[in-house]
Amino acid sequence: MRVAATESGQATHPTERSPQTPTPQSQQHAPRLATPHHTTPLHSLSDSEMDFEKILGKCGDCHRYQYMLMALYGFLMFVVSRHYFAQNVISFVPDHWCHHPDLEHRSFEEIAAIYSQFENPSCTRLASIDPDGGNATASSEPCDRWIYNYDFGFRSMNAELNWVCDAAYKARVGQSLFFVGSMCGTLIFGLLGDTIGRIKAMILANWCGFLGDSATIFAQSLVTFSVSRFVSGLAAEANAYLMYILALEYVSPSLRNVGLNLILSVFYSLGMISASWQAVWVGEWRTFMAWSAVPLLLVTLFYFLVQESAQWLVTRHDIDGAVLRLRRVAHFNRRVVSEEDFEQFRVHCKGQESTSSHHSMQRQSKLMDALKTPRLRLRMINVLLVFTIITLCYNTVSRNVEGLGLSPFIMFTLFALTLPPSGLFQAQAQKSMGRKFTAVSSMVATGLMTAACGILLTFWKQPSPVLLVALILTSRFGISVCTGATMQISAELVPTCVRSGILAVAHVSGAAFSFVSPFILHLDTYFRAASSIIICLLLFASAWICLLMPETRNKKLPMSLAEGEQFGKGERMFDFLRRPKKEDEADLSAETHQKLVPE
């Protein structure tokens, strides 16, 4: 499969195989399945066989079309980041106090000093105030009007609608429904991605995001706000990972490893920073939401620019559609591919179909059929567990920002600045050591670092804000590497025919278990290092599960369920520590004459 394309090269590539156990005849088309105890090296594929990866190499897998695809992916990551964090930006709650006529001409410092004598200064109504402000009397009536000290002048939704104090729950309800929508949308559009195609599912997801954000602008009540946030949440995850899958399925290994990781981190970081400071620039939340909604609609243009996954079309037995997309890619890349090559590709695909009935192949491409394959089922369970644990740890670390005494706009910017270096570090580590080593080592290192920080803060009662920020940013860097490595190895281990659906289930599971993160952080009130130790143990467990999964470096990765069942068979737990053989590293593409670097 292209997404998890083997690092060994463009010259020889994976093919679509029958999900049935190969017969001696079918083994002529699927030599990998004929070796049950070891994953066949790339160079063992017959040179006369024009499989998907070979025809893609002739059409170009690291040329103009792929560079355009990377640019569009970067644009989408920028839009996705703004869409996702707009949820936080509009809900910022500035410092606030109950209004009183005698406070109208006082400075914010004087107002804060007057209210400091009360237990709940933000929600206590005053009956009277001495002229010098030295003494004030509290009223028994509830607050119905507030004085806001806007952070950088930004008027948030909570401040405009007075959703503070007793009404503060309204914003949290809307935020919860946003994440409920995210879980539903991830599952729905993930399954649609394997049914109607990646492009259509991604565009539908972004339409939901545009509709939800646009409706939020006109929300005045809890009901309208909650419904609009649910609809907006449908696109929170789906639009990003569908494009990620599509890009993986069209680009070369070297471009995939360095290009995708750097683009993801850089443009996601830029989206976070721009969301923060554009909110400050426009000054109020409704205009900011409009700026965040419109770019989502522009993703519709991707339909005319991005080709549907030819690899996915092959798994759906639409060979003519796959050939059409490959012709377009070749034309865009200004590559000349002969009709004989396309005809050989057709013959190869039809040969795979002839090994079993059409109905059987269609049935094997369903998500539930992946559970009927013993080894693949176990691997999918491991992928699900690792993805869930890492998502929970990521959200717990990301939310652990209270008590720093810094503006949320500044914290957003600092968090965003950790993403590019973490993406670069991940790309270089995967290029040098492989996916599995990067994932396992980053999880162990981040776990140890997080636990050490928690224990240090337990015994250092009053650390400086600078130290707190430094420790949190270090943890954020480490968990970002863990998340990126987990996302890539998970996508590469899942067969093409069910990749979108299985990753959708993984995203949903991760989002669902992330509801536990506030309670994990709450344990810090009893023991300061509790959350850090829990995260450490979870990361260690995740690293152990990763050791049970096969490495994807220098191997042809699965397109069908049958290939997924055989992939990594006979590989031992620590085989990924071995240096790859030189003949695998030196595989040269006959089409491009480019040495493919093991990633």
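Residues numbered from 1 in each chain as written. Predicted model: local features only at pLDDT ≥ 70, side-chain atom pairs only at ≥ 80, totals over all residues. Heavy atoms only, no water.

> Could you clarify how one ought to interpret the packing of aromatic side chains in this entry?
What characterises a pair of aromatic rings is the spacing of the ring centres plus the angle enclosed by the ring planes. Enumeration according to the criterion identifies 18 aromatic pairs in this entry. Summarising the aromatic geometry, the rings of Tyr-148 and Tyr-150 are spaced 5.9 Å apart at their centres and angled 20 degrees between planes, so their arrangement reads as stacked. The class of Tyr-148 is buried, set by a relative accessible area of 9%. Residue Tyr-150 is classed as partly exposed on the basis of its relative accessible area of 30%. Through successive ring pairs, a cluster of aromatic residues spans Phe-92, Phe-152, Phe-154, Trp-277 and Phe-409. The ring of Phe-332 is capped by Arg-64, whose NZ or CZ atom sits 5.1 Å from the centre of that ring. We note Arg-476 situated over the ring of Phe-415; from NZ or CZ to the ring centre the distance is 4.6 Å. (Phe/Tyr/Trp six-rings, centres within 6.5 Å; stacked < 30°, edge-to-face > 60°. Buried < 20%, exposed > 50% of the residue type's maximum accessible area, 1.4 Å probe, protein only. Lys NZ or Arg CZ within 6 Å of the ring centre and 35° of its normal.)

> Is there a simple way to think about the packing of helix α18 (residues 419–433) against helix α19 (residues 435–459) in this case?
Helix-helix packing is described using two parameters, namely the angle between the two axes and the distance between the axes. Interhelical geometry of α18 versus α19 gives an angle of 125 degrees and a closest axis separation of 7 Å. The angle between α18 and α19 falls in the class oblique. Crossing hand, α18 versus α19: right-handed. Touching Gln-426, Ala-429, Gln-430 and Met-433 of α18 are Arg-435, Phe-437 and Thr-438, all from α19. When grouped by side-chain class, the residues that make up the contact of α18 with α19 number three nonpolar, three polar and one charged. (Axes fitted to C-alpha atoms, helices over the stretch in contact; angles between N-to-C directions. Helix = DSSP H or I, 4+ residues; strand = E, 2+ residues; numbered from the N terminus. Parallel < 35°, antiparallel > 145°, perpendicular 65-115°, else oblique. Left-handed = near helix turned anticlockwise from the far one by under 90°. Contact = heavy atoms within 4.5 Å. Nonpolar A, V, L, I, M, F, W, Y, C, P; charged D, E, K, R; others polar.)

> Help me understand helix α21 (residues 499–513) in this model?
Since one α-helical turn is 3.6 residues long, residues separated by three or four positions face the same way. Taking 1.5 Å per residue as the helical rise, α21 with its 15 residues ought to reach 21 Å, and the 21 Å between its terminal C-alpha atoms agrees with that figure. For α21, a buried count of eleven out of 15 residues is recorded, marking the element as mostly surrounded by other parts of the structure. Those residues of α21 lying buried are Arg-499, Ser-500, Gly-501, Ile-502, Leu-503, Ala-504, Ala-506, His-507, Val-508, Ser-509 and Gly-510. (Expected span 1.5 Å × (residues − 1).)

> Please explain a nonpolar patch on the surface as it appears in this structure.
A contiguous nonpolar surface patch, about 980 Å² in accessible area, is contributed by Val-444, Leu-448, Ile-455, Phe-459, Leu-523, Tyr-526, Phe-527, Ile-533, Leu-537 and Phe-540. Going through the elements one at a time, α19 and α23 (530–547) are the ones with two or more residues in the nonpolar patch. With four residues, the single largest contributor to the nonpolar patch is α19. Looking at the secondary structure, you find Leu-448 in helix α19. (Patch = residues over 30% accessible without salt bridge, like charges linked within 9 Å, V, L, I, M, F, W, Y side chains within 5 Å. Areas by Shrake-Rupley, 256 points an atom, 1.4 Å probe, with all protein chains shown as cover. Salt bridge = Lys/Arg side-chain N within 4 Å of Asp/Glu carboxyl O.)

> Is there a simple way to explain the state of the cysteines in this structure?
Here is the idea: a disulfide is a covalent bond, and it sits between the sulfur atoms of two cysteines. Evaluation of the coordinates by the stated rule reveals two disulfides. Note that Cys-98 is cross-linked by a disulfide to Cys-143, the S-S spacing being 1.3 Å. In this pair, Cys-98 sits in strand β1 (residues 95–98) while Cys-143 sits in the loop between β3 (136–138) and β4 (146–149), placing the two residues 45 residues apart along the sequence. One exposure class covers both Cys-98 and Cys-143, and it is buried. Sulfur-sulfur distance for the disulfide between Cys-123 and Cys-165 comes to 2.0 Å. With the S-S dihedral at roughly -100 degrees, the linkage between Cys-123 and Cys-165 falls on the left-handed side. Of the two residues, Cys-123 is situated in the loop between α3 (108–115) and β2 (126–129) and Cys-165 in the loop between α4 (157–160) and α5 (169–193); the sequence distance between them amounts to 42 residues. Of note for the protein: the bonded cysteines, numbered N- to C-terminal, pair according to 1-3, 2-4. (Disulfide = S-S within 2.5 Å.)

> When you look at the pattern of salt bridges in this model, what are you seeing that I'm missing?
Two side chains bearing opposite charge may form a pair once their charged atoms approach each other closely. Counted under the stated rule, the structure contains eight salt bridges. With its nearest N and O atoms 3.9 Å apart, the salt bridge here joins Asp-144 to Arg-125. Of this pair, Asp-144 sits in the loop between β3 and β4 while Arg-125 sits in the loop between α3 and β2, and the two are 19 residues apart along the sequence. The network of salt bridges with common partners includes Arg-125, Glu-141 and Asp-144.

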